[in-house]
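What follows is the residue order along each chain.
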Amino acid sequence: MPSFLLKNIGELVSLSPLAEEQRFIHLREDDLGSIKDAWLYCEDGKVVDFGQSPPPESLLNSSSTHQIDAKQGLVLPGFVDSHTHPIFFGNRSNEFKMRLDGVSYQEIAERGGGIMATVRASREASDEQLLAETLKHFKQFLAHGVTTVEAKSGYGLSPDEEIRHLRVLKKAAVQTDQEVKITCLALHAIPKEYASASTYVSAVCEHLLPIVAQDSLADYVDAFIESGYFSAEDCKPYFKKASELGLGIRVHADEFTDASAAEAAADWKAASADHLQFVSETGLKAMSKKGVVACILPGTSLYTAIPFTSGRRLADADCAVAIASDFNPGSCNLENLPMLAILAGLHGKLKSWEVIAGITLVPALSLGLSKQKRALAKSYDADFCIHDFTSLDEWFADFGRKKPREVWLRGVKWGS
Ligand SMILES: [Zn+2]
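Residues numbered from 1 in each chain as written. Predicted model: local features only at pLDDT ≥ 70, side-chain atom pairs only at ≥ 80, totals over all residues.

## A few points about the overall build of the protein
For clarity, the cut-off: Counting from the N terminus, the helices are DSSP H or I runs at least four residues long and the strands are E runs at least two residues long. We compute the radius of gyration from the C-alpha atoms alone; for a globule the expected value is 2.2 Å times N to the 0.38, where N is the number of residues. Three classes are used. A residue is buried when 20 or more other C-beta atoms lie within 10 Å of its own, exposed when 12 or fewer do, and partly exposed in between, with C-beta atoms placed from the backbone.
For the protein, the helix and strand inventory stands at 17 helices and 16 strands. Taken against the 2.2 N^0.38 rule, which gives 22 Å for 416 residues, the C-alpha radius of gyration of the protein at 21 Å falls within 12% of a compact globule. Counting only C-alpha atoms and orienting by the principal axes, one finds that the protein spans roughly 70 × 45 × 45 Å. Of all 416 residues assigned to the protein, the portion counted as buried reaches 55%.

## Digging into the domain arrangement of the protein
Note the threshold: Just so you know, the domain bounds were taken from an automatic or database domain assignment. Here, residue contact means that the backbone-derived C-beta atoms of the two residues sit within 7 Å. Here the nonpolar group is Ala, Val, Leu, Ile, Met, Phe, Trp, Tyr, Cys and Pro; Asp, Glu, Lys and Arg are the charged ones; every other residue, Gly included, is treated as polar.
When cut into domains, the protein gives domain 1 (3-78 + 375-413) and domain 2 (79-366). With centres defined by C-alpha atoms, the gap from domain 1 to domain 2 works out at 30 Å. Each partner contributes to the interface: domain 1 provides 23 residues, whereas domain 2 provides 24 residues. Listed by contribution, the elements that provide at least two residues to the side of domain 1 that touches domain 2 are helix H1 (16-21) and strand S15 (406-409). When the residues that make up the side of domain 1 that touches domain 2 are grouped by side-chain class, the tally is 16 nonpolar, 2 polar and 5 charged.

## Quick word on the packing of helix H7 (residues 159-175) against helix H8 (residues 197-214)
Which entries qualify depends on this criterion: For helices, the axis comes from a line fit to the C-alpha atoms of the stretch in contact; other axes are also lines fit to C-alpha atoms, and the angle between any two N-to-C directions lies between 0 and 180 degrees. When describing relative orientation, an angle under 35 degrees is termed roughly parallel and one over 145 degrees roughly antiparallel, while 65 to 115 degrees is termed roughly perpendicular and anything else oblique. Crossing handedness follows the turn of the near helix against the far one: under a right angle anticlockwise gives a left-handed crossing, and clockwise gives a right-handed one.
Where H7 contacts H8, the two axes come as close as 9 Å, and the packing angle between them is 20°. Classified by the angle between their axes, H7 and H8 sit roughly parallel to one another. Along this stretch, H7 crosses H8, giving a crossing that reads as right-handed. Of H8, the residues touching H7 (which contributes Pro159, Glu162, Ile163 and Leu166) are Ala203, Val204, His207, Leu208, Ile211 and Val212. A class-by-class count of the residues in the contact of H7 with H8 yields 8 nonpolar, 1 polar and 1 charged.

## Section: the sheet that holds strand S7 (residues 146-152)
Under the convention used in this document: Pairing between strands is defined by DSSP: at least two bridges between the two strands are required.
Spatially, the 8 strands line up as an open sheet ordered S6-S7-S8-S9-S10-S11-S12-S13, and their pairing is parallel. A single partner strand is all that each edge strand has here, and the edge strands are strand S6 (79-84) and strand S13 (321-323). Mean inter-strand twist for the sheet, computed between neighbouring axes without regard to direction, equals 25°.

## Quick word on helix H5 (residues 115-124)
Those residues of H5 not exposed but buried are Ile115, Ala117, Thr118, Val119 and Ser122. Lining the buried residues of H5 we find helix H4 (105-110) and helix H6 (127-143).

## A word on the nonpolar core
Just so we agree on the cut-off: For this analysis, nonpolar core means a set of buried Ala, Val, Leu, Ile, Met, Phe, Trp, Tyr and Cys residues linked through C-beta atoms within 7 Å.
Residues Leu40, Ile225, Ala262, Ala265, Ala273 and Ala294 are the most contacted members of the largest nonpolar core, which totals 141 residues. Among the elements that line this core, the one with the most residues is H8, at 7 residues. Counting contributing residues per domain, this core is built from domain 1 (3-78 + 375-413) and domain 2 (79-366), each supplying no fewer than three. With residues near it in sequence (within four places) discarded, Leu40 still touches Leu6, Ile9, Leu12, Val47, Phe50, Val75 and Leu376.

Have a look at this one:
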């Protein structure tokens, strides 16, 4: 892989101070490591050096170094979307209208809509159809600069269907260009075929999780801990089994009520607890103590008119705060992570530098990647985007409308 010098950068946001310290709380503006009028030098898909212009003569005069003109563009690390539901079939546009007409998410579910509507359509779809749909979403994420994506199953909701969906996700992860981490969200809703949450959880522990681990179908498991779905108590055997099998844990936590999900996430040392509109102070303290990343999902608030999570409250409780899209067919059909991140900043009172860290290094931490990805620090993967803005200020003000001009993955321009 050739070496290259990216020069004439309008602004380079490296996040190298945070990457070097591996610090994810108490963020400050200078943690962005922003350099105006900068250059970036990469070799073998890794960042080797960067600095303020002009670049060293040795690089400018090197015949083996490819010279690339950034044309005064803004260079940001590739983004991480650490919470998505990209494998599904069918569409639920009728529900959006119902919500406009005043029907709540819970009422829609009671009328046979919601998650179960997607489960029915997805169970009927072939592997090929599911694969094609998933790849289409991955491509959209990448077009918005998302170079790492966490992808959950959860619309199979039986051991056999979940396994089928996870195998398709694994195939999609190989075929797509960005990095994908897979999560088995077997506890997304209680399927009608099972008499209770506990009988379904037992089936999952007995017939699903061992195969997930044996065939390396997922990196994590996830559960929707919420009133009407699964209680923290229901999830105990599931998290125990997952931990024994070496799978990490993520949690849909306290979105509609305080369901003590944050406390459960801390007890099980989850990598991430997501949503958190109604998290308790005790839950937050426990998460901070155990280093559980707090992930906010502003898209579902925008799409379903539920309250926005206060990112400020989470950050002030010394939790590392990530921002993700929660892309899914019902409550947030938006792949535009930059737009959602800016929205999270505005409504959740996060500072601009917390927004940038929240879609790069912090979610990378929750996926175990923060030491090699999502900063442009020395020896980090050369995954970055060149944006048609001369400064980060302009990027924020654009509110995610403009996709990046170029997306680079491990030192190679996407689509080239
Ligand atoms: Zn979700």
